[in-house]
Amino acid sequence: MKFTFLQKFCDILRKKAVLAHYFKGKYDTVFSLGNNCELCIRLRDDFLGANFESFLFNWTAILDRNKFLELLTGGVKALVNDDFEFLNKNDMFYAKYFKIGIHSRYKMEDLVNSPKLQKEALDEIKNRLNHLIDKTENLFNSNNSILFIAKILHKSFEDDCNYIRELTKFIQNLPNAKKRKLKLLCIVQKEDYRNENFKRLCLSFNEFEKSCFEIKRIKKFADLGMKNGDRRGWIKILKKEIFI
């Protein structure tokens, strides 16, 4: 009990200290490039609190990163015109072509046997998507400095390298990119990239590429229930990257 109380007390003090420095951030905006909700939970709960700002991919599950790259480079408006399906597994609807899951604001148990509620839920999702798409496009076309953060689920060494390169190209091709402060922060887990493999990953990019992004490790990503992840690792990295 004493440990639990002390831990909660320390969490409160740490959050207050972090939020006090919110307006001394290195970037105007922190933008999640997936692949699921874990990053945004850490940003919201441990850093930004009420100042946490939602964009298009904050609360999504990206199931195919090649399709995700196609969406990014082809224009994010295409997502709302995808064919969506409710899979009776959770409260998410899935865009069939782009293979992206989006949380509904309805409970799964209410949706399962109610086509009417499923339609209402999907209408709400599409309205929300339209708002977030406009907000995201405005950000991409602005002069804001942006820290893009991507959680990299390991597929293969070559595939991971190519994916990071393609994300970097997308960011460097944004309007006014040369005049703006833009950075990509890629997070991998140690069980995928132990010391030698991590060095090899970092050395796989040329100097220009490495000037546009950085790769950091945490011990472990959270499971599907957003439990058992390396919270301390996230906090250590994000605090250093976000704040002056």
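Parameters at a glance
- Counting restarts for each chain: residues are numbered from 1 in the order of the written sequence.
- Owing to the predicted nature of the model, reporting of local features is limited to residues with pLDDT of at least 70; listing and counting of side-chain atom pairs is limited to 80 or more, with chain, interface and lining totals taken over all residues.
- Computation of side-chain values: all heavy atoms of the structure, hydrogens and water removed.
- Only strands joined by at least two bridges in the DSSP assignment are considered to pair.
- Runs of E in the DSSP output that reach at least two residues are strands. Runs of H or I that reach at least four are helices, and both are numbered from the N terminus.
- Fitting a line to C-alpha atoms yields each axis, with helices limited to the stretch in contact; the angle taken between N-to-C directions then spans 0 to 180 degrees.
- Residue contacts are defined here by distance: any two heavy atoms, one from each residue, within 4.5 Å place the two residues in contact.
- Partly exposed residues are those whose accessible area sits between 20% and 50% of the maximum for their type, while under 20% is buried and over 50% is exposed, using a 1.4 Å probe and protein chains only.
- A cavity here means a set of points on a 1 Å grid, drawn over the protein atoms and nothing else, where a 1.4 Å probe fits but cannot get out; a pocket is an open set with protein on both sides within 12 Å along at least five of seven lines, and a residue lines either one if it has an atom within 4 Å of a point.
- Grid points are joined across faces, edges and corners, and a volume is the space filled by probe spheres set on the points.
- In this classification, the charged set is Asp, Glu, Lys and Arg, the nonpolar set is Ala, Val, Leu, Ile, Met, Phe, Trp, Tyr, Cys and Pro, and all remaining amino acids, among them Gly, are polar.
- Here, a salt bridge means any Lys or Arg side-chain nitrogen found within 4 Å of an Asp or Glu carboxyl oxygen.

Focus: the sheet that holds strand S6 (residues 146-151)
Where strands meet in a sheet, backbone hydrogen bonds hold them as pairs that are either parallel or antiparallel.
Then, number 1: Spatially, the 4 strands line up as an open sheet ordered S1-S6-S7-S8, and their pairing is parallel. In this open sheet, the two strands that pair with only one neighbour each are strand S1 (29-32) and strand S8 (213-218). The average angle at which neighbouring strand axes cross in this sheet is 25 degrees, direction not considered.
Then, number 2: Direction of pairing for strand S7 (residues 182-189) relative to S8: parallel, over a ladder of 6 bridges. Counted as the bridge partner of Ile187 is Lys216 from S8.
Then, number 3: This element, helix H6 (residues 157-172), spans S6, S7 and S8 of the sheet and lies at about 160 degrees to S7.

Structural notes on unusual backbone geometry
Then, number 1: A cis amide bond links Gly34 with the next residue in sequence, Asn35, at an omega value of 15 degrees.
Then, number 2: Residue position: Asn35 is located in the loop between S1 and helix H2 (38-48).
Then, number 3: You will see that Lys99, though not glycine, has its phi angle at about 55 degrees, which is positive.
Then, number 4: Looking at the secondary structure, you find Lys99 in the loop between strand S4 (92-95) and strand S5 (100-103).
Then, number 5: Judged by its relative accessible area of 36%, Lys99 is partly exposed.
Then, number 6: At Asn228, a residue that is not glycine, the phi angle is positive and equals roughly 65 degrees.
Then, number 7: Tracing the sequence through the fold places Asn228 in the loop between S8 and helix H9 (231-242).

Considerations on the sheet that holds S5
Then, number 1: The antiparallel open sheet is built from 4 strands, whose spatial order is S2-S5-S4-S3. Here the strands that pair on one side only, and so sit at the sheet edges, are strand S2 (60-62) and strand S3 (84-86). With direction set aside, neighbouring strand axes in the sheet form an average angle of 25 degrees.
Then, number 2: One ladder, built from 3 bridges, connects S3 with S4; its direction is antiparallel. Looking at the pairing, Phe86 lines up with Phe93 of S4.

Some remarks on the environment of Ile152
Then, number 1: Within the element layout of this structure, Ile152 appears in the loop between S6 and H6.
Then, number 2: Judged by relative accessible area, which is 1%, Ile152 ranks as buried.
Then, number 3: For Ile152 and Gly34, which are 118 residues apart along the polypeptide, the C-alpha to C-alpha distance reads 8.2 Å.
Then, number 4: The contacts of Ile152, once residues within four sequence positions are left out, are Arg65, Asp160, Tyr163, Ile164, Cys186, Ile187, Val188 and Phe221.

Points about the layout of surface pockets
Then, number 1: Taken as a whole, the largest pocket holds about 570 Å³ of empty space.
Then, number 2: Considering the residues around the largest pocket, the lining is formed by 25 residues, among which Asn35, Asn36, Ala61, Leu63 and Leu224 are closest to the centre.
Then, number 3: Those elements that place two or more of their residues in the lining of the largest pocket are S2 and S4.
Then, number 4: No other element matches the 3 residues that S2 contributes to the lining of the largest pocket.
Then, number 5: Looking at the lining of the largest pocket residue by residue, the class counts come to 14 nonpolar, 6 polar and 5 charged.
Then, number 6: In this structure, the second largest pocket occupies an estimated 230 Å³ of space.

Describing the pattern of salt bridges
Then, number 1: Here the structure, examined in full by the defined rule, presents 20 salt bridges.
Then, number 2: For Asp45, the salt bridge is made with Arg44, and the minimal N-O distance between the two is 2.7 Å.
Then, number 3: With relative accessibility at 35%, the residue Arg44 sits in the partly exposed group.
Then, number 4: The partner of Glu214 in a salt bridge is Lys183, and the shortest N-O contact between them spans 2.7 Å. Of this pair, Glu214 sits in strand S8 while Lys183 sits in strand S7, and the two are 31 residues apart along the sequence.
Then, number 5: Looking at Lys183, the relative accessible area reads 17%, which means it is buried.
Then, number 6: Three or more residues are tied together by salt bridges with common partners; here these are Lys183, Glu214, Lys216 and Glu241.

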